[in-house]
Amino acid sequence: MHYSEDASITKSIVAAIWIFDTLHVSFMCHMLYYYLIINYGNPMSLEYIVWSFSVSISISLQDVDLECFPP
């Protein structure tokens, strides 16, 4: 499908949302792997927030901002 009638800003917003969503999912997969595989049976690891969780939250906030308030 070709959406030649869409403005270039709309295409750019869709591409940015797609990239942010992909990054969000990959960082969440890393977080789950860290807590559920690497630190299986280690409840002390829950005291530490892995870096990918913090980055994922900031990326998802950027994504929500872009979806709710487009330029």
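Residues numbered from 1 in each chain as written. Predicted model: local features only at pLDDT ≥ 70, side-chain atom pairs only at ≥ 80, totals over all residues. Heavy atoms only, no water.

Structural notes on the overall build of the protein
- A tally of helices and strands in the protein yields two helices and zero strands.
- By the compact-globule yardstick of 11 Å for 71 residues, the protein is too spread out, its C-alpha radius of gyration being 17 Å.
- A principal-axis box enclosing the C-alpha atoms of the protein has dimensions of 55 × 25 × 10 Å.
- Per-residue burial for the protein yields a buried fraction of 20% across its 71 residues.
- Restricting to contacts in the protein with at least 6 residues of sequence separation, those with at least 24 account for 60%.
- In the form shown here, the protein has an accessible surface area of approximately 5,700 Å², with 69% of it arising from carbon and sulfur atoms. (Helix = DSSP H or I, 4+ residues; strand = E, 2+ residues; numbered from the N terminus. Rg over C-alpha atoms; globule rule 2.2 N^0.38 Å. Buried < 20%, exposed > 50% of the residue type's maximum accessible area, 1.4 Å probe, protein only. Contact = heavy atoms within 4.5 Å. Areas by Shrake-Rupley, 256 points an atom, 1.4 Å probe, with all protein chains shown as cover.)

A short note on the packing of helix α1 (residues 8-38) against helix α2 (residues 51-68)
- Two elements in contact, α1 and α2, have axes separated by 9 Å at closest approach and are oriented at 160°. Judged by the angle between their axes, α1 and α2 are roughly antiparallel. Where α1 crosses over α2, the handedness of that crossing is left-handed. Across from Ile13, Ala16, Ile17, Phe20, Asp21, Leu23, His24, Phe27, Met28, His30 and Met31 in α1, the residues of α2 making contact are Trp51, Ser52, Phe53, Val55, Ser56, Ile59, Ser60, Gln62, Asp63, Leu66 and Glu67.
- When the residues that make up the contact of α1 with α2 are grouped by side-chain class, the tally is 13 nonpolar, six polar and three charged. (Axes fitted to C-alpha atoms, helices over the stretch in contact; angles between N-to-C directions. Parallel < 35°, antiparallel > 145°, perpendicular 65-115°, else oblique. Left-handed = near helix turned anticlockwise from the far one by under 90°. Nonpolar A, V, L, I, M, F, W, Y, C, P; charged D, E, K, R; others polar.)

Focus on α1
- Between its terminal C-alpha atoms α1 stretches 43 Å, which fits the 45 Å expected from 31 residues at 1.5 Å a residue.
- For α1, every residue scored as buried is listed here: Ile13, Ile17, Phe27, Met31, Tyr34 and Tyr35. (Expected span 1.5 Å × (residues − 1).)

Concerning the packing of aromatic side chains
- Enumeration over the complete set of coordinates arrives at two aromatic pairs.
- Each ring, one from Phe27 and one from Trp51, has its centre 5.6 Å from the other, and the planes form 75°; the classification is edge-to-face. In this pair, Phe27 sits in helix α1 while Trp51 sits in helix α2, placing the two residues 24 residues apart along the sequence.
- For Trp51, a relative accessible area of 48% translates into the label partly exposed.
- Aromatic side chains Tyr34 and Tyr35 sit 5.1 Å apart centroid to centroid with 75° between the ring planes, which places their arrangement in the edge-to-face category. In this structure, Tyr34 and Tyr35 share a single accessibility class: buried. (Phe/Tyr/Trp six-rings, centres within 6.5 Å; stacked < 30°, edge-to-face > 60°.)

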